[in-house]
Amino acid sequence: MLYIKSIVVGVLVGFVSAFLWAYSNLPLRLYWNELLTRWRHEGFLGGAFVSTVSSNSTTLVGLLGFLAGFFWSLRRTRRWLPK
């Protein structure tokens, strides 16, 4: 039961961290493209700024979030177990 709870917490933390990464990373990349165009004084004659968030970075953040949530939950619940 201890490991199942830790896995569930790890999966939830992984999903939340991947969502927050994608949600915060995309607007920053869009704004960064616009800012660079203005700094370079390039003539931007309409159109749209295009930006993507790769699945590699999102997967890595999800995996790191899973590991952090799993070990945090495992460490937290093992503290109260009798020795």
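Since we're looking at a predicted model, the values are computed, not measured.

Draft legend 1. Layout of the overall build of the protein chain. Each helix and strand in the protein chain was counted, giving two helices and zero strands. Across the 83 residues in the protein chain, those meeting the buried criterion constitute 24%. In the protein chain, once contacts between residues fewer than 6 apart in sequence are set aside, the share between residues at least 24 apart is 79%. Of the accessible surface of the protein chain, which amounts to about 6800 Å², a share of 71% is contributed by carbon and sulfur atoms.

Draft legend 2. Structural view of the environment of Val61. Relative to the elements of secondary structure, Val61 occurs in helix 2 (residues 55-78). A sequence separation of 47 residues divides Val61 from Gly14, and the C-alpha atoms of the two residues are 7.4 Å apart.

Draft legend 3. Highlighting the packing of aromatic side chains. In this structure the tally under the stated criterion is three aromatic pairs. Note on Phe19 and Tyr23: the rings are 5.7 Å apart at their centroids and 15° apart in plane angle, and the pair reads as stacked. A residue pair is termed a helical-turn pair when its members lie 3 or 4 positions apart in one helix, as Phe19 and Tyr23 do in helix 1 (residues 2-39) at four residues. Judged by relative accessible area, Phe19 falls into the exposed class, the value being 54%. Overall, the relative accessible area of 59% leaves Tyr23 in the exposed class. Arranged with centres 6.0 Å apart and planes meeting at 20°, the rings of Phe66 and Phe70 form a pair that is stacked. Pair noted here: Phe66 and Phe70 are both in helix 2, with a separation of four residues, about one helical turn. Since its relative accessible area comes to 25%, Phe66 is described here as partly exposed. Overall, the relative accessible area of 14% leaves Phe70 in the buried class.

Draft legend 4. Focus on a positive patch on the surface. A cluster of basic residues, Lys5, Arg75, Arg76 and Arg79, forms a positive patch on the protein surface. Here Arg79 is to be found in the segment after helix 2.

Draft legend 5. Geometry of the environment of Leu12. Tracing the chain through its elements places Leu12 in helix 1. Between the C-alpha atom of Leu12 and that of Gly69, which follows or precedes it by 57 residues, the distance is 8.0 Å.

What counts, and at which threshold
- Residues numbered from 1 in each chain as written.
- Predicted model: local features only at pLDDT ≥ 70, side-chain atom pairs only at ≥ 80, totals over all residues.
- Heavy atoms only, no water.
- Helix = DSSP H or I, 4+ residues; strand = E, 2+ residues; numbered from the N terminus.
- Buried < 20%, exposed > 50% of the residue type's maximum accessible area, 1.4 Å probe, protein only.
- Contact = heavy atoms within 4.5 Å.
- Areas by Shrake-Rupley, 256 points an atom, 1.4 Å probe, with all protein chains shown as cover.
- Phe/Tyr/Trp six-rings, centres within 6.5 Å; stacked < 30°, edge-to-face > 60°.
- Patch = residues over 30% accessible without salt bridge, like charges linked within 9 Å, V, L, I, M, F, W, Y side chains within 5 Å.
- Salt bridge = Lys/Arg side-chain N within 4 Å of Asp/Glu carboxyl O.
- Lys, Arg positive; Asp, Glu negative; His and termini not counted.
- Charge placed at Lys NZ, Arg CZ, Asp CG, Glu CD.

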